[in-house]
Amino acid sequence: MSKQGSTQNFWENFHGPNMGYIEEQFEQYENDPSAVDPSLKEIFDEHGAPEWMGSDAVTETTGSASPSERDIAKITSALKLVEAIRRHGHLQANIYAVGSDERPKTNLLELETYGLQEKDLKEIPADWVWPDAPMKLDNALQVVKTLKERYAGTISFEFGHVNNEDERKWLQDKVDTGSYTVSLTDEEKKQLLYRLAEVEGFENFLAKTFVAQKRFSIEGLDMMVPMLDHIIQSASGDKIKHIMMGMAHRGRLNVLAHILGKPYDRIFSEFHLSPDKELMPSEGSMGINYGWTGDVKYHFGARREIENGEQSATRVTLSHNPSHLEYVNPVVEGFTRAAQDDRSEPGYAKMDEDEAFGLLIHGDAAFIGEGVVAETLNMSDLPGYRTGGTVHIIANNLVGFTTNRKDGRSTRYASDLAKGFEIPVVHVNADDPLACLSAMALAYEYRQKFHKDFLIDLVGYRRFGHNEMDEPRSTQPRLYKEIDEHPTAAAVFEKQLQEASVVGDGALEDMKKEVEQKLRDIYNNMKEHETSSPDVKERPSGVERNLDEIDTAIDIDRLKGLNEGMLKRPEGFNGFKKLEKILQRRSKMLDDGQKVDWATAEALAFASILEDGRPIRITGQDTERGTFAHRHLVLHDVETGETYCPMHGLEQANASFDIHNSPLSEAGVIGFEYGYSVQAPESLVLWEAQFGDFANAGQVIFDQFVSAGRAKWGEKSNMVFLLPHGYEGQGPEHSSARLERFLQLAAENNWTVANVTSSAQYFHLLRRQAAISNQEEARPLVLMTPKSLLRNQRVAVSGEQFSKGRFQPIMKQPILSENKDKEKVKTLLLGSGKIMVDIEDTVDGTDQTFETIDAVRIEQIYPFPEQRLAEMLETYPNLEELVWVQEEPQNMGSWYFVEGILHKLLKEGQIHRFVGRPHRASPSVGEPNIHKTEQNRIIHEALQMSKGGETNEGN
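Residues numbered from 1 in each chain as written. Predicted model: local features only at pLDDT ≥ 70, side-chain atom pairs only at ≥ 80, totals over all residues. Heavy atoms only, no water.

**Q** Residues and numbers for the overall build of the protein chain, please.
**A** Across its full length, the protein chain carries 35 helices and 28 strands. With the principal axes as the frame, the protein chain shows a C-alpha extent of 125 × 75 × 55 Å. Split into buried and exposed, the 955 residues of the protein chain put 57% on the buried side. Taking all contacts inside the protein chain whose residues are at least 6 apart in sequence as the whole, residues at least 24 apart take part in 79%. On the protein chain, roughly 39,500 Å² of surface is accessible, and the fraction owed to carbon and sulfur atoms is 47%. One finds the centroid of the 105 positive side-chain charges in the protein chain at a distance of 4 Å from the centroid of its 152 negative side-chain charges. (Helix = DSSP H or I, 4+ residues; strand = E, 2+ residues; numbered from the N terminus. Buried < 20%, exposed > 50% of the residue type's maximum accessible area, 1.4 Å probe, protein only. Contact = heavy atoms within 4.5 Å. Areas by Shrake-Rupley, 256 points an atom, 1.4 Å probe, with all protein chains shown as cover. Lys, Arg positive; Asp, Glu negative; His and termini not counted. Charge placed at Lys NZ, Arg CZ, Asp CG, Glu CD.)

Below is the structure:
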């Protein structure tokens, strides 16, 4: 019966003295329902308080009532209090299992703050302050108590910052009604207790069996495992194909064992007992393969297939993760987007948000402390990077290594960063299992309905030090005194179940003994294997293979057809006339006597790769147009603003072409694209830096993932990095892509590093990279790309070079090497990139002959073409010196990498030396005129010319 309908009409039947009598009887009923006449009790049970009660209305002789100003003020204050509970209930919530004494006090939820007393709230009808209450409440005091239970219990909420009205209302309805909560049967509660016993027992077994070894225990956050069980079960029920997970160290071994199904004996085997022995797992556990150098046990990931029907399964993937904690976040997002994209047809890849979703587990100190987290969150709703909602969990153990909360963040909560991205936040006490499962249920339902991120702040503690070898009581004595006296999550839950008569005394102890025995039996059945000299495994044969013989040429007629297709426009498309005029010049570049520039070569490479059925994804800051206005692969209609990509209208294309301008991020975007390339190995994934050394900001991704991922974890990537590089007087940040850093990381054929000087070389290199996609030979490509050389005619070459041959790691220097009498050559210049083009300009612009000097361009610096160079050196019988020429300072660039190689190639009496800028702290000068003087000096010294003169740098 509606309170605003028949209930209200019912009370209209009472007038005058009868109203006073009813009021008196209702007050008795509130104190003791049995104290009033049964007929009145039945009325009060059904209709609640008389509708006129709760106001200080002045009853006039007519029997009608009108509220006073004081009444209105009380009602307004009550409404403010109710809203404050919803918005600020988390400030008083019981979300801290330990350490709650450090929480700042608040009066935002106190009646006195709003000038209210309990009797005031009793006088206000419930539906005046909560019209749509899901249960029968009589007055505002009952409303306040009910909402405090829902918003300020062991689970609390922050979603007032969510600006979307539909989302905010949905969240409020879920919490107001409690419809999100998980309800378990008694049997399911017993199963949950057993799961907690497994989680705790596994950690206890490791602690006793492998004493003083690092394991980054989950203890204090034990409920994380059942929460993951719950969301994986929900996703599997919805037939979601992929769950992509990322997490740091805390609890990782437990998650690997209980969520990813990594065999216990395989985990035990990774705890080495002694330097000359190792534990051998059973045959069935040996199928997990990593890289040849491996990693520590708490960095590894794993995969697991969960059957959800005869024809389908859900694959759970936990990404490998180095000690750089949160840097795995964008990698996992890249995994997820790649799993969602259908790349089989031309155009942009077609994304299905329900194919996969991401699940990221963060540390509380790292979530707020590491900038890559913000970069990742910012990508969550961008067209090229969104993944339809990621579920985030902060594994909040209150301490960052040894650093307290007050020293680690400027915000109240570790989760506060997420509020800037309008991500709903739930704080939940890790000691309340049902609240934890309910938080996960709400997160998953929100993600599925709105396809946006959701964050759970799982507030627990860390039972031991950071890595079990630390003593936390020296830095957090009060906190650890409380932790030492605090029961485990399983013990807390057992007590609740005992009080509810679900389990009897000793239930948990019996479960823990069963778990202990199971683990002990597995361990005892393992064998010790004597090993005298453990060594690194052999690399896969594909890694060792040379790529030089891969054929990448394309018939000239096929190239012309592709070029023609890229110049077509949709009917009615109004392109920018000045730009279209420039682009139409490309139509004749493949004709006899014409030359193909860098941008056209790239477009032809992309088009041919698409024709071969290989998907392409290229992103970066301003990549659609190109930083230097050379690419123009996304055109804008000047009338409508609509866009058109020439690759999408290509009739010959047999795969998707994704191109996106990235946010102003390096680490996050590079990590995302790396993850995409690993998950979509058949694709050619490219990231372009705005200027080459912007890659500095993604150094962790290069160091830990791109260069070492395969050696450590067996993770293959074929990603391409386009890094504009070349000294043109634009200052330190716009000159060097820090080539030396990539060469320092180069080993074991982990990637290719190149600095090419012709458009055909770029074309063949891209096609070669596409050819090894999804092959054992796959490896990343780090390419120094040009800036001013993009339009330099010395880089443009004839179409014949595209239709014949392949990529050349080493090339003769144009002009200088022509018609050379090699018997007269005493000096051989070696170098790569723009400086060699500058030398070509100088030679072409002078009448001086260079009979004793020849030059060679090293187009691929790693792997260095040592054999080919050695063969070339044999053709110079009177060679006296090898001169390495570079525009970078001596302590940068390639010199220190190639010096040892060149030294090995020298014959008796020969020397090698360096020509370039001296050792410098900064990559280049900032003044253009000084730059030109330096550049001229390098060229003249290399060519042994007299000082002075100008070079045609084409800047």
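**Q** Can you explain helix 20 (residues 489-499)? Please cite residues and give values.
**A** Those residues of helix 20 not exposed but buried are Ala489, Ala490, Val492, Phe493, Glu494 and Leu497. Buried residues belonging to helix 20 abut helix 9 (186-209), helix 18 (433-450) and helix 21 (507-524). Directly after helix 20, the chain includes serine 501, whose backbone phi takes a positive value near 60°.

**Q** How would you explain the pattern of salt bridges if you had to name every residue and give the values?
**A** Here the structure, examined in full by the defined rule, presents 64 salt bridges. For the salt bridge of arginine 617 with glutamate 673, the shortest nitrogen-to-oxygen distance reads 2.7 Å. Placement of the pair is arginine 617 in strand 15 (residues 616-620) and glutamate 673 in helix 26 (residues 667-679), with a sequence separation of 56 residues. You can call glutamate 673 buried: its relative accessible area is 0%. It is possible to trace a salt-bridge network through shared partners that takes in Asp548, Glu549, Arg768, Arg806 and Arg868. (Salt bridge = Lys/Arg side-chain N within 4 Å of Asp/Glu carboxyl O.)

**Q** For the sheet that holds strand 12 (residues 425-429), give the residues involved together with the corresponding values.
**A** Across the sheet, which stays open at both edges, the 8 strands sit in the order 3-12-13-11-10-4-7-6 with mixed pairing between neighbours. Two strands in the sheet have a free side with no partner beyond their single neighbour: strand 3 (155-158) and strand 6 (302-307). For this sheet the average axis-to-axis angle between neighbouring strands, irrespective of direction, equals 15°. Pairing of strand 10 (residues 356-363) with strand 11 (residues 390-396) involves 6 bridges; the strand directions are parallel. Paired with leucine 359 across the strands is valine 391, a residue of strand 11. (Pairing = 2+ DSSP bridges. Axes fitted to C-alpha atoms, helices over the stretch in contact; angles between N-to-C directions.)

**Q** Quick rundown of the packing of helix 26 against helix 27 (residues 699-706)? Include the residues and the values.
**A** Viewed as axis vectors pointing N to C, helix 26 and helix 27 meet at an angle of 25°, and their least axial separation amounts to 8 Å. By the angle class used here, helix 26 and helix 27 are roughly parallel. Judged by residue contacts, Ala667, Ile670, Gly671 and Tyr674 of helix 26 engage Ile701, Phe702, Phe705 and Val706 from helix 27. (Parallel < 35°, antiparallel > 145°, perpendicular 65-115°, else oblique.)

**Q** Just give me the short version of the environment of methionine 244, but keep the residues and values in it.
**A** Residue position: methionine 244 is located in strand 4 (residues 242-247). Note: C-alpha distance between methionine 244 and arginine 315 (71 residues apart in sequence) is 8.3 Å. Discounting residues that sit within four places of it in the chain, methionine 244 has contacts with Thr317, Val332, Phe335, Thr336, Ala339, Phe357, Gly358, Leu359 and Gln679.

**Q** Now, about the side chain of serine 236: what can you tell me, with residues and values included?
**A** Tracing the backbone through its elements, the reader meets serine 236 in helix 10 (residues 224-237). Judged by relative accessible area, serine 236 falls into the buried class, the value being 9%.

**Q** Give me the packing of aromatic side chains: which residues, what numbers.
**A** One pass over the structure, following the stated rule, counts 31 aromatic pairs. Ring centres 5.1 Å apart and planes at 45° place the aromatic pair tyrosine 446 and phenylalanine 450 in the tilted group. Residue tyrosine 446 and its partner phenylalanine 450 are located together in helix 18, separated by 4 residues, close to a single helical turn. The pair formed by tyrosine 446 and phenylalanine 450 is uniform in burial state, with each residue classed as buried. (Phe/Tyr/Trp six-rings, centres within 6.5 Å; stacked < 30°, edge-to-face > 60°.)

**Q** Tell me about empty space enclosed by the protein, and name the residues and values.
**A** One pass over the structure, following the stated rule, counts 9 cavities of 30 Å³ or more. In this structure, the largest cavity occupies an estimated 120 Å³ of space. Surrounding the largest cavity, 17 residues form its lining, Val706, Ser707, Arg710, Asn750 and Pro780 being those nearest its centre. For the lining of the largest cavity, the element with the most residues is helix 28 (residues 709-713), which contributes 3 residues. Class assignment of the residues belonging to the lining of the largest cavity gives a composition of 7 nonpolar, 5 polar and 5 charged. (1 Å grid on protein atoms, 1.4 Å probe; cavity = no way out; pocket = protein on both sides within 12 Å on 5 of 7 lines; lining within 4 Å. Points joined across faces, edges and corners; volume = space filled by probe spheres on them. Nonpolar A, V, L, I, M, F, W, Y, C, P; charged D, E, K, R; others polar.)

**Q** So what's going on with unusual backbone geometry? Residues and values would help.
**A** Residue proline 863 is reached from tyrosine 862 by a cis peptide bond, and omega for that bond is -10°. When you line up the elements, proline 863 lands in the loop between strand 26 (860-862) and helix 33 (866-873). Here glutamate 422, not a glycine, exhibits a phi torsion of approximately 60°, which is positive. Topologically, glutamate 422 is positioned in the loop between helix 17 (416-419) and strand 12. At serine 501, a position not held by glycine, the phi torsion is positive, near 60°.

**Q** Could you give an account of the side chain of serine 415, with specific residues and numbers?
**A** Mapping serine 415 onto the fold places it in the loop between helix 16 (405-408) and helix 17. Here serine 415 falls in the buried class, since its relative accessible area comes to 0%. Those residues in contact with serine 415, other than ones at most four positions away along the chain, are Glu158, Phe367, Ile394, Val425, His427, Leu455 and Asp457.

**Q** So what's going on with helix 25 (residues 598-611)? Which residues, and what values?
**A** Compared with an ideal rise of 1.5 Å per residue, which puts 14 residues at 20 Å, helix 25 spans 20 Å between its outermost C-alpha atoms and is within 8% of the ideal. Counted residue by residue, helix 25 has 13 buried out of 14 residues, so it is predominantly covered. After helix 25 finishes, the residue glycine 613 shows a positive phi value of roughly 90°. (Expected span 1.5 Å × (residues − 1).)

**Q** Go over the sheet that holds strand 26, please, and point to the residues and values.
**A** Judged by pairing direction, the sheet is mixed, and its 7 strands sit side by side in the order 18-15-19-20-22-21-26 without closing on themselves. Two strands in the sheet have a free side with no partner beyond their single neighbour: strand 18 (657-661) and strand 26. Taken pair by pair, the neighbouring strands of this sheet meet at an average axis angle of 20°, ignoring direction. Where strand 21 (residues 752-754) lies against strand 22 (residues 781-785), 3 bridges are found, and the strand directions are parallel. By the bridge assignment, valine 753 is partnered in strand 22 with valine 782.

**Q** Got a sec to walk through the pairing of strand 19 (residues 684-688)? Specific residues and values, please.
**A** Among the 5 residues of strand 19, 5 are classified as buried, and the element is accordingly described as predominantly covered. Taking every second residue as pointing to the same face, both faces of strand 19 are buried, with Leu684, Leu686 and Glu688 on one and Val685 and Trp687 on the other. Both strand 19 and strand 20 (residues 720-724) contribute to a ladder of 3 bridges, which runs parallel. Paired with glutamate 688 across the bridge in strand 20 is leucine 722.

**Q** Residues and numbers for the nonpolar core, please.
**A** Core analysis: the biggest nonpolar cluster contains 105 residues, and Met224, Leu228, Met245 and Phe268 have the highest contact counts within it. With 11 residues, helix 18 is the largest single contributor of residues to this core. Non-local contacts of methionine 245, meaning those with residues more than four positions away in its chain, are made with Leu228, Val255, Ile259, Val316, Thr317, Leu318, Ser319, Val332, Leu359 and Ile361. If you look at the next biggest cluster of nonpolar residues, it comprises 68 residues, including Leu360, Tyr385, Ala689 and Leu869. (Core = buried A, V, L, I, M, F, W, Y, C linked by side-chain atoms within 4.5 Å.)

**Q** Mind laying out the pairing of strand 15, listing which residues take part and the relevant values?
**A** Of all 5 residues that make up strand 15, 5 are buried, and the element is covered over most of its length. Taking every second residue as pointing to the same face, both faces of strand 15 are buried, with Ile616, Ile618 and Gly620 on one and Arg617 and Thr619 on the other. As defined by bridge partners, strand 15 adjoins strand 18 across 5 bridges and the pair is classed as parallel. Paired with glycine 620 across the strands is asparagine 661, a residue of strand 18. In terms of strand pairing, strand 15 meets strand 19 through 5 bridges, oriented parallel. What sits directly across from threonine 619, in strand 19, is tryptophan 687.

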